[in-house]
Amino acid sequence: MASLSKPSMAQQYRRAAEIWAAPVSFLTTCVAPMERIKILLMCQNEMIRTGRLHRPYAGAMDCARRTLAKEGFLSFFRGNYPSCAVHLGQFPLLIIFAALFGCSPVERTNVGPRKRFIVYGMAECLSLALVYPALYSKVRLANDVRSAAHNDNRQFRNFSDVWRRTVAADGFIGLYRGYGVACGCGILYSAIHTGLYRTLHRVFVRDNDPIATLTVASCMVCVMTGSRVITYPLQTVSYRMMMRSGDVAKYRGLLDCLLQIILKEGAVTLWKGCAVECVQTVGVFSLALGYVQLMRYYYRH
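On a predicted model such as this, the values are computed, not experimentally measured, just so you know.

A.B. asks: Help me understand the overall build of the protein, please; the structure alone is not making it clear to me.
C.D. replies: Helices and strands together make up the secondary structure of the protein, namely 10 helices and zero strands. The linear arrangement of helices and strands in the protein, starting from the amino end, is α-α-α-α-α-α-α-α-α-α. When the 301 residues of the protein are sorted by exposure, 43% land in the buried category. The contacts of the protein with a sequence gap of at least 6 include a subset with a gap of at least 24, amounting to 72%. Surface accessibility of the protein: about 16600 Å² in total, with carbon and sulfur atoms responsible for 65%.

In structure tokens:
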């Protein structure tokens, strides 16, 4: 019998994208309101500096109330289209790049933990490089609030308008401001996530445990929220650097942005919106777990 040929990179990407597309689009859209509230809280001081926001938000509820009253319910989904594009593109690309470097997640390979960490770090950076302009447009659209000082007009019409205006004002590099910080954030998140999960799994999960599934799910929630809290300041720095694209006063890098935020606004500013991020993480995990159980039931019957 003829041996089956190994699927090409294009076939692997198409297969991963087909499996990933429906659940990710659904999950991203479900949590889009929380994502926008988080970004507004995270970057509110940048909007106050430019005059697009006249006073800071008192919290997540105040942000949601003012956004709903000023812009309407559909504004909570502003930036959702590029957000879906980021999630739809990055994960299949990460799988492809990891397989290209000899560390496929869908094939059994004898790769040590050190090489696996390096390979996945490189794959994370390369996949993020291809979707980063979409991530940039998501952040800029989410922070594009209606302002009385600007006659209630928005700064951008859509994601392509974001790209056009940014390239015209700041060059192509403007679409990648904060990219290095975002790469470091992603690699650090993966490292913390893997280390914490393995530690908690060894401590709390036992063989033949009647509630093993619940225990594993609880460990995953703790690990995901803990990793998000630890890496949140880097995400804040990355998003704040994006907000300076096309501006005269830009941050010179990670340390300059950190120092300016801490000295002028206080270190707590680095975690603004973190509570919303934690709730969003738990919500995404719960929806994803429900989707997996539904698919298992569907294919079993």
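What follows picks up the thread again.
A.B. asks: Explain the packing of helix α4 (residues 80–100) against helix α5 (residues 113–142) here, please?
C.D. replies: To describe two helices that pack against each other, one gives the angle between their axes and the distance between the axes. For the pair α4 and α5, the least separation of the axes is 8 Å and the interaxial angle reads 170 degrees. With respect to their mutual orientation, α4 and α5 come out roughly antiparallel. Residue classes in the contact of α4 with α5 are distributed as 17 nonpolar, five polar and two charged.

A.B. asks: Looking at this structure, how should I read the pattern of salt bridges?
C.D. replies: Opposite charge on two side chains permits pairing when their charged atoms draw close. The tally for this structure, following the rule as stated, stands at 21 salt bridges. Note that Arg164 is salt-bridged to Asp161, the shortest N-O span being 2.5 Å. Separated by three residues within a single helix, Arg164 and Asp161 lie in helix α6 (residues 159–170), roughly one turn from each other. Residue Arg164 is classed as partly exposed on the basis of its relative accessible area of 48%. Salt bridges linked by common partners bring Glu46, Arg49, Arg240, Arg244, Asp247 and Glu265 together as one network.

A.B. asks: Explanation requested: empty space enclosed by the protein in the structure shown.
C.D. replies: Within this structure, the stated rule accounts for one cavity of 30 Å³ or more. If you add up the space inside the largest cavity, you get close to 70 Å³. Around the largest cavity sit Ala32, Glu35, Arg36, Ile39, Phe76, Phe77, Arg78, Gly79, Asn80, Ser83, Lys138 and Ala142, which together line it. The set of elements that each furnish at least two residues to the lining of the largest cavity consists of α2 (32–50), α4 and α5.

A.B. asks: I'm lost on the packing of aromatic side chains in this one. Help?
C.D. replies: To describe a pair of aromatic rings, one takes the distance between the centres and the angle between the planes. Tallied over the entire structure, the rule returns eight aromatic pairs. Note on Tyr176 and Tyr179: the rings are 5.9 Å apart at their centroids and 80 degrees apart in plane angle, and the pair reads as edge-to-face. For Tyr176, a relative accessible area of 21% puts it in the partly exposed group. In textbook terms, an aromatic cluster arises when at least three aromatic residues are bridged by ring pairs, as seen for Tyr132, Phe172, Tyr176 and Tyr179. Just above the ring of Tyr189 sits the side chain of Arg228; from NZ or CZ to the centre is 4.4 Å. We note Arg244 situated over the ring of Tyr251; from NZ or CZ to the ring centre the distance is 4.1 Å.

A.B. asks: Even after reading the chapter, I still don't get the layout of surface pockets, so can you show me in this structure?
C.D. replies: Any space left empty among the atoms is revealed by the rolling of a water-sized probe across them. Volume-wise, the second largest pocket comes out at about 310 Å³. As for the second largest pocket, its lining consists of 19 residues, of which Arg140, Gln155, Phe156, Met243 and Ser245 are closest to the centre. The element contributing the most residues to the lining of the second largest pocket is α2, with four residues. Per-class residue counts for the lining of the second largest pocket are five nonpolar, seven polar and seven charged.

How each quantity is defined
- Per chain, the residues get numbers from 1 upward, laid out in the order the sequence is written.
- Local features in this predicted model are restricted to residues of pLDDT 70 or higher, and side-chain atom pairs are both shown and tallied only at a pLDDT of 80 or more, whereas totals for entire chains, interfaces and linings draw on every residue.
- Hydrogens are left out, water is left out, and the side-chain values use all remaining heavy atoms of the structure.
- Per the convention used, a helix needs a DSSP run of H or I reaching at least four residues, while a strand needs a run of E reaching at least two, with both numbered from the N terminus.
- Only protein chains enter the accessibility calculation, which uses a 1.4 Å probe. A residue is then buried if its area is under 20% of the maximum for its type, exposed if over 50%, and partly exposed in between.
- In this analysis, two residues are considered to be in contact whenever any of their non-hydrogen atoms come within 4.5 Å of each other.
- Only the protein chains shown count as cover for residues, and the accessible areas themselves come from Shrake-Rupley with a 1.4 Å probe.
- With axes taken as lines fitted to C-alpha atoms, and helix axes fitted only over the stretch in contact, angles between N-to-C directions fall between 0 and 180 degrees.
- When an angle is under 35 degrees it counts as roughly parallel; over 145 it counts as roughly antiparallel; between 65 and 115 it counts as roughly perpendicular; any other value is oblique.
- When residues are grouped by polarity, Ala, Val, Leu, Ile, Met, Phe, Trp, Tyr, Cys and Pro land in nonpolar, Asp, Glu, Lys and Arg in charged, and all others, Gly among them, in polar.
- For this document, the term salt bridge refers to a Lys or Arg side-chain nitrogen within 4 Å of an Asp or Glu carboxyl oxygen.
- The distinction between a cavity and a pocket rests on a 1 Å grid over the protein atoms alone: a 1.4 Å probe fits inside a cavity but cannot get out, while a pocket stays open yet meets protein on both sides within 12 Å along at least five of seven lines, and a residue with an atom within 4 Å of a point counts as lining.
- Grid points are joined across faces, edges and corners, and a volume is the space filled by probe spheres set on the points.
- Pairing of aromatic side chains here covers Phe, Tyr and the six-membered ring of Trp, requires ring centres within 6.5 Å, and sorts the geometry by plane angle: under 30 degrees stacked, over 60 edge-to-face, intermediate tilted.
- Charge-over-ring contacts are defined here by two conditions on Lys NZ or Arg CZ: a distance within 6 Å of the ring centre and an angle within 35 degrees of the ring normal.

Function cannot be inferred from these measures alone, as they are strictly geometric.
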